[in-house]
Amino acid sequence: MRWETVVGLEVHVQLATRTKMFCGCPATYGEAPNTVVCPVCLGLTGALPVLNAEAIRLGTVGALALGCTVHPVSVFARKNYFYPDLPKGYQISQFDKPLATGGAFEVVSPERGPITVSITRLHLEEDAGKSLHDRIPGHTAVDLNRAGTPLAEIVSGPDLRSPAEARAYLVTLRQLLVYAGVSECSMEKGSLRVDANLSVRRPGEPLGVKTEVKNMNSFANVERALEAERARQIGLLESGERVTQVTLTFNAATGEVKPLRSKEDAHDYRYFPDPDLPPLVLESAWITSTRAALPELPAARRNRYATAMGLPDYDVGVLTAEPAVAAYFEATVAAGVEPKTAANWVMGEVLSGWNDTGVFAVSPERLAQVVAMVESGTVSLQAAKRIYGELVTADADPAALATRLGLVQVRDEDALAGWVDEVVSAHPDEVARFRAGEAKLIGFFVGQVMKRSGGKADPKAIQPILKERLAP
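The text that follows walks through the structure, step by step, so that each part is easy to find.

Calculation criteria
- Residues numbered from 1 in each chain as written.
- Predicted model: local features only at pLDDT ≥ 70, side-chain atom pairs only at ≥ 80, totals over all residues.
- Heavy atoms only, no water.
- Helix = DSSP H or I, 4+ residues; strand = E, 2+ residues; numbered from the N terminus.
- Buried < 20%, exposed > 50% of the residue type's maximum accessible area, 1.4 Å probe, protein only.
- Areas by Shrake-Rupley, 256 points an atom, 1.4 Å probe, with all protein chains shown as cover.
- Lys, Arg positive; Asp, Glu negative; His and termini not counted.
- Charge placed at Lys NZ, Arg CZ, Asp CG, Glu CD.
- Phe/Tyr/Trp six-rings, centres within 6.5 Å; stacked < 30°, edge-to-face > 60°.
- Lys NZ or Arg CZ within 6 Å of the ring centre and 35° of its normal.
- Expected span 1.5 Å × (residues − 1).
- Core = buried A, V, L, I, M, F, W, Y, C linked by side-chain atoms within 4.5 Å.
- Contact = heavy atoms within 4.5 Å.
- Pairing = 2+ DSSP bridges.
- Axes fitted to C-alpha atoms, helices over the stretch in contact; angles between N-to-C directions.
- Parallel < 35°, antiparallel > 145°, perpendicular 65-115°, else oblique.
- Left-handed = near helix turned anticlockwise from the far one by under 90°.
- Nonpolar A, V, L, I, M, F, W, Y, C, P; charged D, E, K, R; others polar.

## What about the overall build of the protein?
Part 1 of the argument: Helix and strand counts for the protein stand at 16 helices and 16 strands.
Part 2 of the argument: The C-alpha extent of the protein, read off along each of the three principal axes, is 90 × 55 × 50 Å.
Part 3 of the argument: By residue count, 46% of the 472 residues in the protein fall in the buried class.
Part 4 of the argument: Roughly 22,800 Å² of accessible area belongs to the protein as shown, and the carbon and sulfur atoms make up 54% of that amount.
Part 5 of the argument: With 49 positive and 56 negative side-chain charges, the protein shows a separation of 2 Å between the mean positions of the two kinds.

The structure is reproduced here in structure tokens:
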């Protein structure tokens, strides 16, 4: 009998604020260790937290984008534990009264198609510092720059049934949060971190004992780690052993999971309301206006591209994967380019450059000028791609660039006829085959004329002349 996998994910997302959750220190990345700190970050006696209003707004936006109910009253609590990177000896988080609960959104599972994944809760908290095990031989160093960084923790329901589904969920969740402007969601910078819970059971049986996997630095490694843990649990159960509730770490180099410690329960943290922070009270009118101000989210944009613009599913998926790419595509359409033509250019030359550099070197307006030259027959598509390549390094006028590079298409019939006659004379065997019925050779002759003309010949004007010369 087969085993069923059950996965739930806890995702910690750094909110895109300028400053930390409870103080005015910059929430920046990459600074020298222990330089972006203050008495509040360091947990010094007498230092009091002051709540960051922008963190509340972004947390609310994220909750609404995920379909959650935002509660008018939520409470910050102290989560007590002792670790070197937690200077206060507790973390300010939310426990029994979180900011939001009860959300859901659709994920396309690679195995089951569209599924709905529930969101149990979204709560706000501050980050801890970071332990560095590779800076000082034989010692662990502590960098407290991240202490106090604002986070939203998003907890899914146990609705995922495979490691691949977990990865699909993370991709969709990240896209939603980036579109909503909540976070940049970069695992490389630590602004998105994942704790994955997994258990296995026979279909129809109660949930099995779950374990938690930490220390994963990419969505691909989340999938790999869950595959390894699923195999470990099934191996234990099929050999007659029991699965115990533990926290594990994933070694990306070996593809193995390794137990770190027994899993703590909530009561181990001795949660209680933070006496320095009153309950967070949000007016219902403010929640309503925040919901109304949500930007267009990925699902709505995908639907618009498919229905209003008539784009195929593949194009829609590529163009909406990142909001910056979608914005560039829409600006290109607004500049006068037909949607499918704009999609082809964005998915080709534009996306290739953006993937390499992270910037759009050619403005949508310049791209529209290049496309217009192709549609008017001024330059060929191949020549247009060369012009685009030149525009990447020089913001020049495309028409002037085409002239300077000698790429303007020749339409003069005498010149075209001369090139055609040279090609026909140079390929008597192909001429005989064409006249014998191999009509597909017309493409060969067009290519040869384009080659002989150095790409200057208008391919549309070539064909009538070719057919005349090649007629039996």
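## Overview of the packing of aromatic side chains
Part 1 of the argument: Counted by the stated rule, this structure contains 11 aromatic pairs.
Part 2 of the argument: Between F22 and F76 the ring centres are 5.9 Å apart and the planes differ by 85 degrees, which places this aromatic pair in the edge-to-face class. Taken as a pair, F22 in the loop between strand 1 (4–14) and helix 1 (39–42) and F76 in the loop between strand 3 (73–74) and strand 4 (77–80) lie far apart in primary sequence, 54 residues in all.
Part 3 of the argument: An aromatic cluster is built from Y81, F95, Y269 and Y271, whose rings are joined through pairwise contacts.
Part 4 of the argument: A cation sits over an aromatic face here: K88 above Y90, 5.5 Å from the ring centre.
Part 5 of the argument: Lying over the aromatic face of W3, R202 brings its terminal NZ or CZ to 3.6 Å of the ring centre.

## Observations regarding helix 3 (residues 163–179)
In an α-helix, one turn spans 3.6 residues; hence positions three or four apart end up facing the same way.
Part 1 of the argument: Helix length check: helix 3 (17 residues) gives 25 Å between terminal C-alpha atoms against 24 Å at 1.5 Å per residue, within 8%.
Part 2 of the argument: A large share of helix 3 lies buried, amounting to 14 of its 17 residues.
Part 3 of the argument: One or two positions beyond helix 3, positive phi appears at G181, with a value near 80 degrees.

## Considering the environment of A461
Part 1 of the argument: Position of A461 relative to the elements: it lies in helix 16 (residues 459–470).
Part 2 of the argument: The spatial distance from the C-alpha of A461 to the C-alpha of Y314 is 33 Å, given a sequence separation of 147 residues.

## What about the nonpolar core?
Part 1 of the argument: Among the nonpolar cores identified, the biggest contains 67 residues, and L9 and Y169 are the most heavily contacted of them.
Part 2 of the argument: Among the elements that take part in this core, helix 3 stands out by supplying 8 residues, more than any other.
Part 3 of the argument: With sequence-adjacent residues up to four places away left out, L9 is seen in contact with I154, V155, S156, L160, A166, Y169, L170, V194, D195 and A196.
Part 4 of the argument: Y328, W354, A402 and L407 belong to the second-largest nonpolar core, a separate cluster that totals 32 residues.

## Some points on the sheet that holds strand 4
Part 1 of the argument: One open sheet accounts for 3 strands, arranged 5-4-15; its pairing is antiparallel. Each edge of the open sheet is held by one strand with a lone partner, namely strand 5 (90–93) and strand 15 (272–273).
Part 2 of the argument: Here 4 bridges tie strand 4 to strand 5, and the two strands are oriented antiparallel to one another. What sits directly across from N80, in strand 5, is Y90.

## Concerning the side chain of E165
Part 1 of the argument: On the secondary structure map, E165 appears in helix 3.
Part 2 of the argument: The class of E165 is buried, set by a relative accessible area of 1%.
Part 3 of the argument: Not counting chain neighbours up to four residues away, the residues in contact with E165 comprise S109, P110, E111, R112, I115, D159 and L160.

## Considerations on the environment of E256
Part 1 of the argument: Considering the arrangement of structural elements, one finds E256 in strand 14 (residues 256–262).
Part 2 of the argument: Exposure remark for E256: the relative accessible area of 52% places this residue in the exposed category.
Part 3 of the argument: Residues E256 and A225, spaced 31 residues apart in sequence, show a C-alpha to C-alpha distance of 7.1 Å.
Part 4 of the argument: Setting aside chain neighbours within four positions, we find E256 in contact with T249, F250 and N251.

## Describing the packing of helix 7 (residues 313–320) against helix 9 (residues 339–357)
Part 1 of the argument: With their axes 11 Å apart at the nearest point, helix 7 and helix 9 run at an angle of 50 degrees to one another. Between helix 7 and helix 9, the crossing angle belongs to the class labelled oblique. Along this stretch, helix 7 crosses helix 9, giving a crossing that reads as left-handed. Between helix 7 and helix 9, the residues in contact are Y314, D315, V318 and L319 and K340, A343, N344, V346, M347 and L351, respectively.
Part 2 of the argument: Its residues assigned to classes, the contact of helix 7 with helix 9 comprises 7 nonpolar, 1 polar and 2 charged.

## Side note on the side chain of S380
Part 1 of the argument: With respect to the helices and strands, S380 occurs in the loop between helix 10 (364–375) and helix 11 (381–391).
Part 2 of the argument: The contact partners of S380, leaving out residues within four places of it in the chain, are V374, Q409 and G455.

## Focus: the packing of helix 10 against helix 11
Part 1 of the argument: Where helix 10 meets helix 11, the axes come as close as 9 Å, and the angle between the chain directions of the two elements is 160 degrees. One element, helix 10, and the other, helix 11, form an angle in the roughly antiparallel class. Remark: the crossing between helix 10 and helix 11 carries right-handed chirality. On helix 11, the residues that touch L367, V370, M373 and V374 of helix 10 are L381, A384, I387, Y388 and L391.
Part 2 of the argument: Looking at the contact of helix 10 with helix 11, its residues break down into 9 nonpolar, no polar and no charged.

Any functional reading would require information beyond the geometric quantities listed.
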